[in-house]
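# Structure assessment
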Amino acid sequence: MALSYADIEPGTEIPPKSYRVTRLDLVKYAGASGDFNAIHWNERMARSVGLPTVIAHGMYTMAQAGRYVCEWAGDPGAVTEFGVRFSAMVPVPDDDRGATIEISGRVTNKLADNKVAIDLTARADGTKVLTRARAVVRLP
Amino acid sequence: MALNQEFVGRVFRSDEPYEVSRVKIVDFADAIGERSELCRDREAAQQAGYPDVIAPPTFAFVISWRSDELVHADPDLGLDFSMVVHGDQSFSYSRPLHAGDVVVATTTVESIKALGATSMLFTATDISTVDGEHVCTTRSSIVERRQ
């Protein structure tokens, strides 16, 4: 299924994917990243600063968008540029279903050196959680 | 009180290099759900042309954030970290980070902006090997809301 630069045209849509995020995922991410801010795992602390419940780390959401691009490219080393703005929080309820982050993407440009530029969209519960989300990926 | 504008242009650097390990890359890949064998299997990574297993693109944040924290924690900056949210984040890679890399992060305060009661801090962090090879530049903005 290897993608090739030659096969990609501007406007190419990347099939959307959904990624589930539960409290356990946030605890794992806290440990792996070293970000132990309590609003990402402790309901009481989250509420005490006015949040509706525990929220996902912004970088967890960005990591899911990165994973989406890497899965499409078939190589986590293919991403050369990646940027986002965090536009809304992702509340993660204390149940087995958690929240769902829906990601889609579209190739906007073909660049030199076998690179393509991609615009990404990420939504949770219908709300855009990332804006200005763009990646540049080098393809074979 | 707004953030201290005298910080603009200041450079922060940890004395301790960061060693990228295979175990840490796998932990991070597990945590974000990245299943690629290039993050897990050294042979597969080498067949793909990498020296060792590679880190997912947002892994560099683990390194850059430690360096950014040197800025945030400086009492003269006047940041109330309990009121901080992440604004923007970007990565610009010369090549992927891989297991065995020993890197140093250098953070420059690019600008500080105030919008009413809200302050924004923009930093750029350069991640290079101890031999001076550039790997990644990360840019972050954080937003501090004041009540």
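Treat the numbers as computed from the prediction; the structure is a model and nothing was measured.

The rules behind the values
Residues numbered from 1 in each chain as written. Chains lettered and ligands numbered in written order. Predicted model: local features only at pLDDT ≥ 70, side-chain atom pairs only at ≥ 80, totals over all residues. Helix = DSSP H or I, 4+ residues; strand = E, 2+ residues; numbered from the N terminus. Expected span 1.5 Å × (residues − 1). Buried ≥ 20, exposed ≤ 12 C-beta atoms within 10 Å, placed from the backbone. Contact = placed C-beta atoms within 7 Å. Nonpolar A, V, L, I, M, F, W, Y, C, P; charged D, E, K, R; others polar.

This next bit is on helix α3 (residues 60–72) of chain B. Here α3 of chain B contains 13 residues, and its C-alpha end-to-end distance of 18 Å stays within 8% of the 18 Å for a straight helix at 1.5 Å per residue. The complete set of buried residues in α3 of chain B reads Ala60, Phe61, Ile63, Ser64, Trp65, Ser67, Asp68 and Val71 of chain B.

With 25 residues of chain A in contact, the opposing surface of chain B contributes 27 residues. Residues that form the side of chain A that touches chain B fall into these classes: 12 nonpolar, eight polar and five charged.

What follows concerns unusual backbone geometry. Residue and element names in this part refer to chain A. The backbone phi angle of aspartate 113 is positive, close to 60 degrees, even though this residue is not glycine. Among the secondary structure elements, aspartate 113 is positioned in the loop between β3 (99–110) and β4 (115–124). Even without a glycine there, the phi angle at aspartate 125 is positive, about 60 degrees. Relative to the helices and strands, aspartate 125 resides in the loop between β4 and β5 (127–138). Taking the C-beta count within 10 Å as the criterion, aspartate 125 has 12 such neighbours and is therefore assigned exposed.

Shape is all these values report; function is a separate question.
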